[in-house]
Amino acid sequence: MSIVNVAVPSIQRALTTLAPALSAPPVTMFGPDFPFGYDRWLTHTDGLGSVPAERLGTPVAVVGGGIAGLVAAYELMRLGLRPVVFEAEQLGGRMRTATFPGYPGSVAELGAMRFPPSATTLFHYVDLVGLETRPFPNPLAPATPHTVVDVNGVQHSARMTDDLPAVYQEVYDAWNKALEEGADFAAMDAAIRHRDTATVKALWNRLVPLLDDQSFYGFLASSPNFASFRHREIFGQVGFGSGGWDTDFPNSVLEILRVVYTGADDRHRLLAGGAQQLPLRLWRHAPDRLAYWPAGTSLESLHVDGPGPAVTRISRAGGRIRVETARGADDFATAVLTPQVRLLLSRIETDEDLFPVDVWSAVERTHYMGGSKLFALVDQPFWGEVDQRTGRPVMGMTLTDRSPRGVYLFDEGPDAPGVMCLSYTWNDDSLKVAALPAAERLTVMLRHLRRIYPDVDVQRRIVAPPIAVTWENEPHFMGAFKGNLPGHYRYQRRLFTHFMQDALPVHQRGIFLAGDDVSWTGGFAEGAVTTALNAVWGVLHHLGGRTPEANPGPGDVFASIAPIELPY
């Protein structure tokens, strides 16, 4: 969902003048807004905490069965509570893997498909359930044999960045310099690597008020390194790493800095067998350490009939939280809500008294990116065949300013069919195809690709009907992921910090928001997971539980590392 890694289009991490010493620790998604070590909290030998004996077995509503909901449910179960999961469609949320009929081993990743190793909290669960990972075939990545860049009707073939014309290196250098001069990249990189909380906070707290009102494009255009419009155009249309950035240009530059500071744009991995394997395996996984429940208990075993159906209304009744579905209503002492927050304004009738007015304002203002994908299954990964005239592969991973924007190629070996992501688009580019059924999208994208590869007949190789998704059209999502606009920092802070509830009136406590749109890093599964853990701490605290003295949780240390609060 990256959710989420539904993942943001990204660039190569600065590896030249900004590179850290070889002895430096690896970069992780540690901050910068709230530099708490969720990965270490999870793995501490003392565990996350405990609830009072009389609270063991207490039902807790978990609305939404995406990765945020399932992580929250899994950890609440480990604490000895009884999570009751409600899911409107299928477990996994935007970690959704589709299969081609008749070809069970060939998958199309409709949502999150690439995950940075810096997402160490997410990878705790990847390792826990025993998932295999492999390098993702981003453009110009070591795992990608061939990349084709097509801009303004001109094609360039490359194995690495140095194979591209000099202007691309100029753009790459300009971005590195803009990051350093305008955003203290090297200092922040070192602070995050060493988990130097004080320095992270000092650097970020200085930048937030300076840059909150700045768009990504404004940040570029104001940098002398991007004085050339051609450089800005190339950067927007192609970028480096996994694609161009122009669909992010209207967003707050703070959103982009969070990505590049924390390595979320670098060295992506895919999950073998599909990203949805992670939430499905977590659903079935029986933890080694459990309070209250017998050995072998899993989320699946606690839900004999599967997760509950779609939630239609949430209210408060008699001091408890009432969750209504087509099957009836149940009351809970506490609840975790993980759907995209805009659903609380539409498909889920949500009583206004459940949240403070300023939180509702933040929900109303949350901006979402749109996103579309189109997949085709071909008889074999033919793109590796050599064109005798050029000596190069007949086709490569493709970055283009035409309608497909990004074409990704997935190779499971010469004897297996190949999967082509024929287009991966965002916002306006996504809207261009939003009204088209999958077959018509296929016709459109193949027409554009013939202009790049006139001698390649992709249609002839296709062996199954295409699969497509447009997330803004999905009724239980209505968008791909959150992308804050300039001036939205205050709204995001309200959503993220809502798990701290001691100052709220009693009737607004006990219901917790989680998900990548509540996090600082929309579109990344790491943000979904970490906000789920915030909610777990919130439930624990609400029910009178406590964390171990040697392993304080995010709420215990909140005051010392809280996100900066801007004047209103």
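Keep in mind it's a predicted model, so treat the numbers as computed, not measured.

### Comments concerning the overall build of the chain
Okay, step 1: Looking only at helices and strands, the chain features 18 helices and 21 strands.
Okay, step 2: For a compact globule of 568 residues, the expected C-alpha radius of gyration is about 24 Å, and the chain comes in at 23 Å, within 12% of that figure.
Okay, step 3: Along the first, second and third principal axes, the C-alpha set of the chain runs to 75 × 55 × 40 Å.
Okay, step 4: Counting the 568 residues in the chain, one finds 62% classified as buried.
Okay, step 5: Element-wise, carbon and sulfur atoms account for 51% of the exposed surface of the chain, whose accessible area totals about 21,000 Å².
Okay, step 6: If you average the places of the 49 positive and of the 61 negative side-chain charges in the chain, the two averages end up 1 Å apart.

### Topic: the pairing of strand β1 (residues 59-63)
Okay, step 1: Taken across its five residues, β1 has four buried, putting it largely inside the fold.
Okay, step 2: Pairing of β1 with strand β2 (residues 82-86), which is carried by five bridges, proceeds in the parallel orientation. Residue pairing for β2: P59 is matched across the bridge by R82.
Okay, step 3: Handedness of the crossover joining β1 and β2 through helix α2 (residues 67-78): right-handed.

### Some details on the nonpolar core
Okay, step 1: Within the largest apolar cluster, 133 residues are counted, with the highest numbers of intra-cluster contacts made by W175 and L278.
Okay, step 2: Looking at this core, the element that brings in the most residues is helix α17 (residues 525-542), giving ten residues.
Okay, step 3: Ignoring anything within four residues of it in the chain, the contact list for L278 reads I67, M95, L122, Y125, V126, V129, L131 and L271.
Okay, step 4: The next biggest cluster of nonpolar side chains, apart from the first, holds 25 residues, and it includes V63, A335, L344 and L495.

### Digging into empty space enclosed by the protein
Okay, step 1: The volume enclosed by the largest cavity comes to roughly 180 Å³.
Okay, step 2: If you trace the largest cavity, you find 17 residues lining it, with M29, G31, W520, T521 and T530 closest to the centre.
Okay, step 3: Sorting elements by how many residues they give to the lining of the largest cavity places α17 first, with three residues.

### What to know about the pattern of salt bridges
Okay, step 1: Applying the stated rule across the entire model yields 25 salt bridges.
Okay, step 2: Here R206 and D184 are joined by a salt bridge, their closest N and O atoms 2.5 Å apart. Of this pair, R206 sits in helix α6 (residues 197-211) while D184 sits in the loop between α4 (166-183) and α5 (185-193), and the two are 22 residues apart along the sequence.
Okay, step 3: You can call R206 partly exposed: its relative accessible area is 41%.
Okay, step 4: Across the pair E255 and K482 runs a salt bridge whose closest N-O atoms are separated by 3.2 Å. Highlighted residues: E255 in helix α9 (residues 253-261) and K482 in strand β20 (residues 481-482), separated in sequence by 227 residues.
Okay, step 5: Taking the relative accessible area as the measure of exposure, K482 reaches 1% and is therefore buried.
Okay, step 6: The structure contains a network of salt bridges with shared partners spanning D33, E255, R258 and K482.

### Regarding the pairing of strand β4 (residues 103-109)
Okay, step 1: Here strand β3 (residues 97-100) runs beside β4; their pairing, made up of four bridges, is antiparallel. Paired with T97 across the bridge in β4 is E109.
Okay, step 2: Here β3 folds back onto β4, and the loop between the two strands holds two residues, one of which, G102, carries a positive phi near 85 degrees.

### Focus on the packing of aromatic side chains
Okay, step 1: Throughout the structure, instances matching the rule amount to 31 aromatic pairs.
Okay, step 2: A centroid spacing of 5.8 Å and a plane angle of 80 degrees characterise the contact between W204 and Y261, whose relative ring orientation is edge-to-face. With W204 in helix α6 and Y261 in helix α9, this residue pair connects regions lying 57 residues apart in the sequence. Neither residue differs from the other here; W204 and Y261 are each classed as buried.
Okay, step 3: Ring geometry for F355 versus W360: centroids 5.4 Å apart, planes at 85 degrees, classification edge-to-face.
Okay, step 4: Judged by its relative accessible area of 11%, W360 falls in the buried class.

### Some words on the sheet that holds β1
Okay, step 1: Here we have four strands laid out as an open sheet, ordered β2-β1-β12-β21, and parallel in their pairing. Whereas interior strands pair on both sides, the edge strands pair on one side only; in this sheet they are β2 and β21 (511-513). Adjacent strand axes in the sheet meet at a mean angle of 20 degrees, parallel and antiparallel pairs treated alike.
Okay, step 2: Across the face of the sheet, α17 comes into contact with β1, β12 (335-337) and β21 while running at roughly 165 degrees to β21.

### Let's talk about the packing of α4 against α9
Okay, step 1: For the pair α4 and α9, the least separation of the axes is 13 Å and the interaxial angle reads 110 degrees. As summarised for this structure, α4 and α9 are arranged roughly perpendicular, according to the angle between their axes. Residue-level contacts link W175, L179 and A183 of α4 to I256, L257, V260 and Y261 of α9.

### Remarks on the environment of F36
Okay, step 1: Relative to the assigned elements, F36 resides in the segment before α1 (38-43).
Okay, step 2: The class of F36 is buried, set by a relative accessible area of 10%.
Okay, step 3: In this structure F36 touches F30, W41, P552, G553, P554, V557 and I561, once residues within four positions along its chain are discounted.

### Observations concerning the sheet that holds strand β15 (residues 371-378)
Okay, step 1: A sheet is described by the order of its strands in space; here seven strands give the open sequence β7-β6-β16-β17-β18-β15-β19, paired in mixed fashion. The sheet terminates laterally at β7 (154-158) and β19 (467-470), the two strands that pair on one side only. Ignoring strand direction, the axes of neighbouring strands in this sheet form an average angle of 15 degrees.
Okay, step 2: Across five bridges, the pairing between strand β6 (residues 147-151) and β7 is antiparallel. Its bridge partner being in β7, T147 is matched across the sheet by A158.

### What about the side chain of K373?
Okay, step 1: Structurally, the position occupied by K373 is in strand β15.
Okay, step 2: Despite its burial, K373 pairs with no opposite charge; the closest candidate is E109, at 6.9 Å N-O.
Okay, step 3: A distance of 2.6 Å separates a polar side-chain atom of K373 from the backbone oxygen of G111.
Okay, step 4: When sequence neighbours within four positions are dropped, the list of residues in contact with K373 reads E109, L110, G111, M113, S423, Y424, R441, I467, A468 and V469.

### Examining unusual backbone geometry
Okay, step 1: In this chain, G31 is followed by P32 through a cis amide linkage whose omega measures 5 degrees.
Okay, step 2: You will see that L140, though not glycine, has its phi angle at about 65 degrees, which is positive.
Okay, step 3: With respect to the secondary-structure elements, L140 resides in the loop between β5 (133-135) and β6.
Okay, step 4: Despite not being glycine, N152 shows a phi value in the positive range, around 55 degrees.
Okay, step 5: Inspection of the secondary structure assignment puts N152 in the loop between β6 and β7.

Definitions and cut-offs
- Residues numbered from 1 in each chain as written.
- Predicted model: local features only at pLDDT ≥ 70, side-chain atom pairs only at ≥ 80, totals over all residues.
- Heavy atoms only, no water.
- Helix = DSSP H or I, 4+ residues; strand = E, 2+ residues; numbered from the N terminus.
- Rg over C-alpha atoms; globule rule 2.2 N^0.38 Å.
- Buried < 20%, exposed > 50% of the residue type's maximum accessible area, 1.4 Å probe, protein only.
- Areas by Shrake-Rupley, 256 points an atom, 1.4 Å probe, with all protein chains shown as cover.
- Lys, Arg positive; Asp, Glu negative; His and termini not counted.
- Charge placed at Lys NZ, Arg CZ, Asp CG, Glu CD.
- Pairing = 2+ DSSP bridges.
- Right-handed = clockwise from strand over helix to strand, strands pointing away.
- Core = buried A, V, L, I, M, F, W, Y, C linked by side-chain atoms within 4.5 Å.
- Contact = heavy atoms within 4.5 Å.
- 1 Å grid on protein atoms, 1.4 Å probe; cavity = no way out; pocket = protein on both sides within 12 Å on 5 of 7 lines; lining within 4 Å.
- Points joined across faces, edges and corners; volume = space filled by probe spheres on them.
- Salt bridge = Lys/Arg side-chain N within 4 Å of Asp/Glu carboxyl O.
- Phe/Tyr/Trp six-rings, centres within 6.5 Å; stacked < 30°, edge-to-face > 60°.
- Axes fitted to C-alpha atoms, helices over the stretch in contact; angles between N-to-C directions.
- Parallel < 35°, antiparallel > 145°, perpendicular 65-115°, else oblique.
- Polar contact = N/O pair within 3.5 Å; in protein donor to acceptor, adjacent residues only side chain to side chain.

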